[in-house]
Structures are given as C-alpha cells and as structure tokens.
Amino acid sequence: MPHSHSRSWTAPPTRREITLLLFSLTIFVLSYNLEASLGIVGVHPQKLTSSYLSSIGLGTKDPGFDPDGRRPKEWRDELETIIAGDWEWREGEVSGVARGSAAASGSGRTAMIYNFGGSRKVARSSRKEDRGVSLSTGVTVKDQFIKWGKDVPETGVVAHTPGYTVLDNVIAVNGTLFVVANDWTKVPKLGEIASSSLDATKPPRVQDWHILTTNDAAGMFGPYAAKIHGTSWLALGKAEAQDPYTLFSLFRTHASLSSTAPPSSFTSSTGLHIIAPPSSPASSSPLSASSVPAPLRVIYPTIPTFSSPNIPPGPGEDPKSHPPPRERAYTGTHPLLPKAVFPALGVWFEEDWQDLADMHVPFLLERVVVAERGAAERGRDAWVSAADAARQDELTRREVGQEGEPAWAAPFVGLHAPEGWWAPVRAALLRYLHIGADGSSSAGATSESRGASLWGLTKKQPARKPVVTYVSMQDEPAGAGARLVAGDHERLVSGLRALEREGVLGEVVVVRGNGSVPAPEWEARMSAIARSTILMGPYGFHLSDAVFMRSPYEPTSASSSPKDKAHKKQESASPQPAAPAPLLMEFFPPGTFVRDQQYAVQALGIDYVAWWNEQRFTKDNLPAVSAPAGPDPRVPLDVDAVLRAVREEAPRRVAPSS
C-alpha cells in the first residue's frame, strides 16, 4: 500500500488552488461592479438601469433620484405623481415653466417656484395681474438680492394719517424698522407712524423705529440687502389690541392708493406742515383700483402663532405621539376669514419676524401699509387736516376726536378712497360661499340660465323676501360678551318665527357669535349675514361681520353676454329705484353706547339703529358714547317695539332680483 503524504497549512498553493482563487476574484469584481463592467464592453446605458436589470433578474439596486429631485420614471408610482407632480424639468430651472415667464396659479405645471432669470422676454400672458400670488413678471433669485453700495433707497411716503401710513422702501434690521430720508421734513414724525412695542401709549423707542440719512444707512447696513417684494401689511400691537376691524382698516388704507383725491397733509418730524410730499406717487397721478397691487402678506410682529403653550410628552409617554392641539393666537378675525377673502395673503407671526431679526442682515420691504392704533389715538387732532376740515361730509361732520370714533377710524377720516372700495372683499367672500351678488345661490346657475323659460323667453322672477339674522349670545361662555335677558331672547326668537310664518319674512336665521365656531358653522353664519336684510343682536364685535351685508356703494356687476347688455340697455329707459340699504340693529343696555359697529356700517352706506329697551336711535340722534359697565351685561329689550320695526322695515329693504 503506497504511503500518502499530508500537506500542512504552510505548504505553497497548488496550481489548481491559484486558478480557483483568481477565478473567484474575477467573478466578484465583475458582479460587484456589473453596470460599470458592462458599460466598458459597450452595453447601452439605458440597459443598465436597475429596473431593466431587475426585469431580467439582474440587480435590484435603488437608483436614487434624478437631478430634478424625483425618482426615475421606471420607479415612479401613482403616489409619487400625486406628491411631486408630473411636470417637466429642464436643466437650469426649478420647474418646467419657460425661462423668464410666470405661470398662472392653479393651471398648467404649477410646481413653479422661481425662474432663474434669462434674456428672453416675458410672455404676454405672464403680465396679467394674479391678485397677489406673485408679481406680474415673477420674482427671480437675483431680484431678492440687492447691492445698493452707498445709494441706499430713500423711504417714500405714499399716504399718511396718524396710525395708518403707506411707506415705500422701509428697512428691517434686527427687529428694528428704519426710515431712510435725507430731508426729514418729507416724512411724518415716527410717533405718528407707530408706538413703543412695550407701551402703546408712548412713541416708538429707538429699537422699534429709527430714522437715518442715506449716508448713515450705508455705513450701518453695508452695501447689500435682501428684498421682500410686494406690499406688506404691518399690524402692530399685541393680541389684546386687535379686533375685527384690524383688517378692515388696513384694507381701507390700502384702498386709498386708488383714490383720485389729493393726499392728506401731515406734520413732519421737524414740525413742518406738508401738503403733498414730492416723493409720494399719490401726489402725481393716482392709480386705478385695478392697477393697485394686492397685498402679499400681513405681518403681526408681536403676536405669536399660538396663544397656548407647547406641552412636551410626559414621562413614559411616546415622544412620537401627536401633541395636543394648540389654540391659535387672537388676531381679531376668525381664522377662515382671511383665507376666504384674501386667499393669496400670507400671514407672518412673531416667530417669522424673529427669524428675520436673527439673520442680522438688512431686509428692504418694498411697500408697507402700517396700522398702529396707539399712534392713531395720540394723533386724533391730526386725523383731518385744515384743508379737509371745510369739506367734511355727513360721516365726519361732527368735531373729529370728540364723538367717540374708534382709533381704527383714522383712515376713514384722514384718507380718501373710492366709493366702492370694500366691494372686492365682499365679492371674494360671496364667491367663497357660492352666493350671487343679489343673495341668490350661484351654484350651478349662469346669467343666461337664470330666469329663462323653455321657449327662450325671460320669465318673471318671484319677488324676494327679507332675510333676518339674529346673532344670539345666550349659549356663549362667560366673558364672551353682552347677551339679552333670557325671557326677551325667547320672545324675540318666537316673534321672528311668527313673522316668518305670516310671510312677512322669507327666512329667519339664528346664529352664534363669531368666536371660534367650526368651519361649517362659520360658513353657514357668514352666508346668512351676507344675505341678510336686517341683522340684529346685542352690542359687541360679534356684529362686526355686518360689513359683509349688501352695500349701496357696491358697483353693479357688468353683464357678460351681449344679450344681457342689450336687455339692460332697454331697461335703462325706465330705471327702477334701488332698494334701501340693509339695516343693522344693535341692542344696548340703557345708558351704554359704543360706535364701532355703527361707524363701520355707516362708512359702507348700511343703515343703523341702536336700541335702549324701547328707545330707538338712528344716525341723526345717536346717544353719547358711554363705556359698558361690565364684561357680560344682560340687555333688556322691548321685543314688541323691535318686532314692529322689523315688520315695517324689512319688506322695503329687500334687494331687487337680478
């Protein structure tokens, strides 16, 4: 038997072992870099995608993302299309919008954020005004960066009355707002623009507002800045200083830009009385209402997003669990209202303003509409200039500042605006609620189909009946506001229902205060108020939505079809008188009266009646202003007198059928 030789571990490898080792390494290298290896031998790159290799059983590697941030087409699914969209991406652009053009919101490829500039001209369609979604030609990245060197842009005064000012080129640095002017006689006193952020009864501190020359500004800010484009509404003051008329007065100030009247005069920081600032565009040629840019944002620098604190998870609780809902800070309006009437308006709160301050760089605000009630209160005597005092109309004929006008009334007294200045806001709300301008439902109806018979003849529309809305505060929590005595409330509701059954009233709606009602209830509430012939309730801000009732100052809507225009032209030979304005009835305890609601509706041409039990007051005999005694007064009311007034007034105030 032959002797077998055993090999040790230290013995050199055999030729067979070396061949197996080299073969294994070659297979490993080729398979680990299979795509690169196949590319070397001339395989087409399309055949190297993981999806293709997966289809033939080779490779399952995730290919990652394309240069546009999306997954390759072969890997996309329906969910990704919903999230990321299916827009076309081109090299050098963020989205598939043609270079130098601006896309209309909600149409075509809507993923556009910016265009990266270019030499091509802007398309004609991009010049259309988009109501604040973006500027008409789009904002490029370069447009948000300014190199001004030593030529810091000066601040221009467009419109001003104490507390309400429109300024161009205001600079914000570290939370301080700077007015830049070489001639300080051309700008109002800072105390007439704003107040101290700590005490609204005092002028602004240096860290709140400051005025500089261009040389001082260039030395302080340096040669560069970021630009915040468009018009910004700046609502100064803390949450407790806000009420439903904050946006109302801001829009009135904004609307003064389209007035054909001369700008109001003011007293400059040096004490000089300025009639028409040369730097003001309003002093040359006023803009038409359609050419005034819409506001892009409203800023609340001292109001946080939430009024309730953020509660972190407790011991033993899941840190990933959803935190409890937080309460939004009070800004004076229901959260849905700005979204309904200003859908493109961004809202910035204290945290957003602090973000700008923490960057420690200058931001140039292109145009700012400032609302600050402390400055308006201190400057009551200057609301009306000497030139304007001689031509006061009925609304401001009394001595201004001595009849209890609220502080937010300053732009109504000191600034001019077109008669139908509020009409666009109400029209936006009606569109949101799907209500026609005449109070009818606009869902599923056109101007040609309404009132058309089978044979193409116009049939007579049934006469409209009055709608009465009663704002009840009976079920609101303590501290929510005034409410009727319980017995008077019940008798008022039953009396209104009786008038509805008799046919005197077409509809009676009882709604709650505007507080924080949920969205469906808020929409139903606003729908009832917008259609109301008479709105009534105990006094307070829960009646502030009366400004959305039909105003006689609203322009009549133009017919869209030639047939409608011919019909209206034929009717113009025998015009019918317009119906009287809607009516607001506000119930006060005897001896109490405030003017907020009365002033707001009277500015819109809506009629007003105040009640002290059975005593009735109109605009010609209003009682003296007297503050309420407590937070939740019970209001007594002569219900029979109110029902008699409703029976008399409601039928003659119905809006005519369109």
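For the structure given in this document, a descriptive report is provided here. (Residues numbered from 1 in each chain as written. Predicted model: local features only at pLDDT ≥ 70, side-chain atom pairs only at ≥ 80, totals over all residues. Heavy atoms only, no water.)

**A word on the packing of helix α12 (residues 423-433) against helix α14 (residues 519-530)**
A pair of packed helices is captured by two measures, namely the crossing angle of their axes and the spacing between those axes. Worth spelling out the cut-off: Between N-to-C directions, angles span 0 to 180 degrees; the directions come from axes that are lines fitted to C-alpha atoms, helices contributing only their stretch in contact. Segments assigned H or I by DSSP are reported as helices when at least four residues long, segments assigned E as strands when at least two residues long, and all are numbered from the N terminus. Every angle not falling under 35 degrees, over 145, or within 65 to 115 is termed oblique; those three ranges are roughly parallel, roughly antiparallel and roughly perpendicular. By definition, any crossing whose near helix is turned counterclockwise from its far helix by less than a right angle is left-handed, and any crossing with a clockwise turn is right-handed. Working rule for contacts: check all heavy atoms of both residues, and any pair within 4.5 Å makes them a contact. Three categories are distinguished: nonpolar for Ala, Val, Leu, Ile, Met, Phe, Trp, Tyr, Cys and Pro, charged for Asp, Glu, Lys and Arg, and polar for the others, with Gly belonging to the last.
The geometry of α12 relative to α14 is characterised by a closest axis approach of 10 Å and an angle of 125° between their N-to-C directions. In terms of axis orientation, α12 runs oblique to α14. For the element pair α12 and α14, the recorded crossing hand is left-handed. The segment α12 lies against α14, with R426, L429, L430, Y432 and L433 engaging W522, E523, M526, S527 and A530. Split into classes, the residues belonging to the contact of α12 with α14 amount to seven nonpolar, one polar and two charged.

**Here's the deal with the pairing of strand β9 (residues 295-299)**
Basically, it comes down to this: Only protein chains enter the accessibility calculation, which uses a 1.4 Å probe; a residue is then buried when its area is under 20% of its type maximum, exposed when over 50%, and partly exposed in between. Here a strand pair is declared whenever DSSP counts at least two bridges between the two strands. If you view a crossover with the strands going away from you and the path from the first strand over the helix to the second runs clockwise, you call it right-handed.
Burial of β9 is extensive: five of the five residues sit out of reach of the surface. Here strand β6 (residues 224-235) pairs with β9 via four bridges, running parallel. Counterpart to L234 in the pairing with β9 is I299. Sheet topology note: the β9/strand β10 (residues 346-348) ladder contains three bridges and is parallel. Each residue of the ladder has a partner; that of I299, found in β10, is W348. Crossover handedness for the path β9 to helix α7 (residues 336-341) to β10: right-handed.

**So, the pattern of salt bridges**
Quick note on the threshold: Salt bridges are defined by distance alone: a side-chain nitrogen of Lys or Arg within 4 Å of a carboxyl oxygen of Asp or Glu.
Counting across every chain of the model gives 18 salt bridges. We note a salt bridge from E476 to R512, for which the minimum N-O separation is 3.2 Å. Taken together, the positions of E476 in the loop between β12 (467-471) and β13 (483-484) and R512 in the loop between β14 (507-511) and α14 put the pair 36 residues apart, joining distant regions of the chain. Judged by relative accessible area, which is 12%, E476 ranks as buried. Residue R512 is classed as partly exposed on the basis of its relative accessible area, which comes to 37%. Salt bridges linked by common partners bring D607, R616, E649, R652 and R653 together as one network.

**Considering empty space enclosed by the protein**
Basically, it comes down to this: Cavities and pockets were defined on a 1 Å grid built from protein atoms only: a cavity is a group of points that admits a 1.4 Å probe but offers it no way out, a pocket is an open group of points flanked by protein on both sides within 12 Å along at least five of seven lines, and a lining residue is one with an atom within 4 Å of any such point. Grid points are joined across faces, edges and corners, and a volume is the space filled by probe spheres set on the points.
Overall, the coordinates contain five cavities of 30 Å³ or more when judged by the stated rule. Here the largest cavity is characterised by a volume of approximately 180 Å³. Of all the secondary structure elements, the ones that give two or more residues to the lining of the largest cavity are α6 (245-255) and α7. A total of three residues in the lining of the largest cavity trace back to one element, the largest contributor, which is α6.

**A word on the nonpolar core**
Quick reminder of the rule: Side-chain atoms within 4.5 Å are what join buried Ala, Val, Leu, Ile, Met, Phe, Trp, Tyr and Cys residues into a set we call a nonpolar core.
Counting 102 residues, the largest nonpolar core has F248, L492, L496, M536, M585, F587 and V646 as its most contacted members. Listed in part, the 23 residues of the second largest apolar core include V157, L167, A172 and L365.

**Side note on the packing of aromatic side chains**
Put simply, the rule reads: Two rings belonging to Phe, Tyr or Trp (six-membered ring only in the last case) form a pair when the distance between their centres is within 6.5 Å. Interplanar angles under 30 degrees mark stacking, angles over 60 mark edge-to-face geometry, and anything in between is tilted. Note on geometry: a ring has a charge over it if NZ (lysine) or CZ (arginine) is within 6 Å of the ring centre and within 35 degrees of the ring normal.
Taken as a whole and judged by the stated rule, the model has 25 aromatic pairs. An angle of 85° between the planes, with centres 6.0 Å apart, marks the rings of W408 and Y599 as edge-to-face. Highlighted residues: W408 in the loop between α10 (386-389) and α11 (410-414) and Y599 in helix α16 (residues 596-603), separated in sequence by 191 residues. For the pair formed by W408 and Y599, the shared burial category is buried. Through pairs of rings, three or more aromatic residues link up here, namely W233, Y245, F248, F251, F342, W408, F412, W421, W422, F541, F548 and Y599. One residue, R328, lies across the ring of F306, its end atom 5.9 Å from the ring centre.

**Describing the sheet that holds strand β15 (residues 534-538)**
Pairing in this open sheet of six strands is mixed, and the strands run β14-β12-β15-β16-β17-β18 from one edge to the other. Edge positions in the sheet fall to β14 and β18 (615-617), since each of these pairs with one other strand and no more. In this sheet, adjacent strand axes meet at a mean angle of 20° when their direction is disregarded. With six bridges connecting them, strand β16 (residues 583-588) and strand β17 (residues 607-612) associate as parallel partners. Across the sheet, the residue bridging to F587 is W611, located in β17. On top of the sheet, helix α17 (residues 639-649) reaches β12, β15, β16, β17 and β18; it is set at about 175° to β16, its chief contact.

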